[in-house]
Amino acid sequence: MKRRLIINIGLLAGIGHDGRICLKGKEMGALHTLLNAYLVVEDGHFTDYGKMEDCPLSDDNVEVIDAKGGAVLPSWCDSHTHVVYAGSREQEFVDKIRGLSYAEIARRGGGILNSADRLHELGEDELYLQAMKRVSEIIRKGTGCVEIKSGYGLNTEDELKMLRVIRRIKATTPLKVVSTFLGAHAVPRFYKDRQEEYVDMIVNDMIPVVGTEKLADFIDVFCDTGFFTPEETARILEAGAAYGMQPKIHADELASSGGVEVGVEHNALSVDHLESMVEAEIQLLKDSHTIPTALPGTSFFLNMPFAPGRRMIDEGLPLAVASDYNPGSTPSGDMKFIVSLSCIKMRLLPAEAINAATLNGACAMGLSREYGTITRGKVANFFITEPIPSIDYIPYAYTTPIIQRTFLQGEEYV
Ligand code: NIG
Ligand code: FE
């Protein structure tokens, strides 16, 4: 049995919440910590932790890792990304600075359709290699669980290509990966002015293949003004439900447009974005099993309003935060920066933001029984930082690369 003992932990943070799988409202303000601690990992799982003065003696069967006074936290759980894509879109970044909006760029045939063209040209192996570069970057930045969406294929063949690449990432990295089918990300050019026919194709052709081949855990729709309507969303979600794919949807990014309502009605695991959400939707979420997820990196990069994260927590809701790593609206998967933005722009306290990016992120992927906190029996995904004065320093030092070593399934990622 492989055993690792991490000693001299200055601050062990994110210790389990008595089996809670999701934190709501005031609970989010509590981040359980221990000063001067040790941690034991066996066969890829946390098995023990405690004060350094009670540290078990090591023997020949134990590998000792010295944290040198640094902090140990559970890995980030990034519940919303699009890391499988081809190329980049810095030209649109410049166009936006010059004054074009995200919606205008999309209307002119750029945006998601631009990425779909590039992905169509690229072979599966090359697509995998490009995505893996981003995957190893996010692992180094402390991410341990990630959701990855399709949605740059927009035809059956290319959507399947993306989903196979996600499956390959699942199989070849120590990262915990869940996959989401997002055929309804945009209407491809071929179906311009024939949106209903594209929805027919998603329902009749794509979903049955994706479902039968079990290529996706979840189903998503970009339910927003200029993209898909709540009625179209409902049709797609119902078709996905027949194959056991629970919804996680893009809602209220560009306008308050019915996404939260249709998500809650279809028992979505999460509704994501919410930059334009209104009070009635906050109230609606209170009586639901759906976890709201804010993507503050997108608001930052697109220079748009932020989701009302503070308000949601004050109203007693749970909140997750995720990166939305994608080529158009936020080309970054740096979860530490997302935690900083959550504090600076959504007025979350550091403990709330860290809980939103760990346990609640895991919850928004259906993974919080196994990931998201330092709890005996959970998978040992964690990172070690340089010595830091307090937990508040993590979002405060908003560009300092304090994360020094990352461990997935108990193994160091080098
Ligand atoms: O979550 N809003 C829709 N989809 C992505 C952006 C996709 C893109 O621009 O390539 C998002 O922001
Ligand atoms: Fe997204």
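Because the structure is predicted, anything quoted here is derived from the model rather than measured. (Residues numbered from 1 in each chain as written. Chains lettered and ligands numbered in written order. Predicted model: local features only at pLDDT ≥ 70, side-chain atom pairs only at ≥ 80, totals over all residues. Heavy atoms only, no water.)

Enquirer: Explain the UniProt feature "binding site: 4-imidazolone-5-propanoate" (unreviewed entry) in the protein to me, using residue names and the numbers behind them.
Expert: According to UniProt, the positions carrying the feature "binding site: 4-imidazolone-5-propanoate" (unreviewed entry) are R89, Y152, H185, E253 and S329. Lining the largest cavity, from the residues named above, are R89, Y152, H185, E253 and S329. Residue position: R89 is located in the loop between strand 6 (76–78) and helix 1 (90–97). The exposure class of R89 is buried, given its relative accessible area of 5%. Excluding anything up to four places from it in sequence, R89 contacts G111, I112, N114, S115, Y152, P327 and G328. Residue position: S329 is located in the loop between strand 13 (320–321) and helix 12 (335–346). Under the relative-accessibility criterion, S329 is labelled buried at 3%. Those residues in contact with S329 that sit more than four places away from it in its chain are Y102, G297, T298, F301, L302 and D324. (UniProt positions renumbered as here; feature names shortened; annotations may be inferred. 1 Å grid on protein atoms, 1.4 Å probe; cavity = no way out; pocket = protein on both sides within 12 Å on 5 of 7 lines; lining within 4 Å. Helix = DSSP H or I, 4+ residues; strand = E, 2+ residues; numbered from the N terminus. Buried < 20%, exposed > 50% of the residue type's maximum accessible area, 1.4 Å probe, protein only. Contact = heavy atoms within 4.5 Å.)

Enquirer: Give me the nonpolar core: which residues, what numbers.
Expert: Within the largest apolar cluster, 102 residues are counted, with the highest numbers of intra-cluster contacts made by W76, V84, I169, F181, I236 and L319. Looking at which element gives the most residues to this core, the answer is helix 6 (residues 195–212), with eight residues. Ignoring sequence-local partners within four residues, the contact set of V84 consists of L127, A131, R134, I148, Y152, M162, V165, I166 and I169. Residues I9, L12, Y49 and A380 belong to the second largest nonpolar core, which totals 17 residues. (Core = buried A, V, L, I, M, F, W, Y, C linked by side-chain atoms within 4.5 Å.)

Enquirer: Describe the UniProt feature "binding site: N-formimidoyl-L-glutamate" (unreviewed entry) in the protein, listing the residues and the values that go with them.
Expert: Within this structure's numbering, the places UniProt gives as "binding site: N-formimidoyl-L-glutamate" (unreviewed entry) are Y152, N326 and G328. Across 177 residues in sequence, these annotated residues keep their C-alpha atoms within 11.3 Å of one another, forming a single compact spot. In the annotation above, Y152, N326 and G328 are the residues that line the largest cavity. Topologically, Y152 is positioned in the loop between strand 7 (143–149) and helix 5 (156–172).

Enquirer: So what's going on with the coordination of the iron ion (ligand 2)? Residues and values would help.
Expert: Bound to the iron ion (ligand 2) on the protein side are H80 (NE2), H82 (NE2), H250 (NE2) and D324 (OD), at distances that span 2.1 to 2.3 Å. Donor residues binding the iron ion (ligand 2) come from one chain and are separated in sequence as H-x1-H-x167-H-x73-D. On the criterion of sequence distance, the pair formed by H80 in the loop between strand 6 and helix 1 and D324 in the loop between strand 13 and helix 12 is long-range, its members being 244 residues apart. With a relative accessible area of 1%, D324 lands in the buried category. (Donors = N, O, S within 2.8 Å, 3.2 Å for Na, K, Ca; no water.)

Enquirer: I'd like to hear about the site of ligand 1, residue by residue, with values.
Expert: Near ligand 1 lie 15 residues; those nearest to it are Y102, Y152, H185, E253 and S329. With respect to ligand 1, the side chain of R89 contributes an N or O atom lying 2.8 Å from an oxygen atom. The separation between an oxygen atom of ligand 1 and a polar side-chain atom of Y102 is 2.6 Å. With the chains in place, 100% of the 330 Å² that ligand 1 exposes on its own is no longer accessible. Structurally, ligand 1 is housed in the largest cavity. (Near = heavy atom within 4 Å. Polar contact = N/O pair within 3.5 Å; in protein donor to acceptor, adjacent residues only side chain to side chain. Areas by Shrake-Rupley, 256 points an atom, 1.4 Å probe, with all protein chains shown as cover. Sits in = over half its atoms within 2 Å of the grid points.)

Enquirer: Before we move on, could you go through the domain arrangement of the protein and cite the residues and values that matter?
Expert: In many reports, interface size means the accessible area that the parts give up when they come together. Each assigned domain of the protein is listed here: domain 1 (3–75 + 373–413) and domain 2 (76–364). Summarising the inter-unit geometry, the C-alpha centres of domain 1 and domain 2 are found 29 Å apart. If you look at the interface, domain 1 gives 33 residues, while domain 2 gives 33 residues. Where domain 1 packs against domain 2, one counts zero salt bridges. Where domain 1 packs against domain 2, one counts ten residue pairs in polar contact (both at pLDDT 80 or more). Secondary structure elements with two or more residues in the side of domain 1 that touches domain 2: strand 5 (71–74), helix 15 (393–396) and strand 15 (403–408). Looking at the side of domain 1 that touches domain 2 element by element, the count peaks at three residues for strand 15. Residue composition of the side of domain 1 that touches domain 2, by class: 18 nonpolar, ten polar and five charged. (Domains from an automatic or database assignment. Salt bridge = Lys/Arg side-chain N within 4 Å of Asp/Glu carboxyl O. Nonpolar A, V, L, I, M, F, W, Y, C, P; charged D, E, K, R; others polar.)

Enquirer: Describe the pattern of salt bridges, with residues and values.
Expert: For the coordinates displayed, the defined rule picks out 22 salt bridges. Notably, a salt bridge pairs R20 with E27, separated by 2.6 Å at the nearest N-O pair. The exposure class of R20 is partly exposed, given its relative accessible area of 34%. Between R89 and E92 there is a salt bridge, and its shortest N-O distance comes to 2.8 Å. In terms of burial, R89 and E92 fall into one category: buried. Here the residues in one salt-bridge network are E279, K286, R311 and E315, joined through shared partners.

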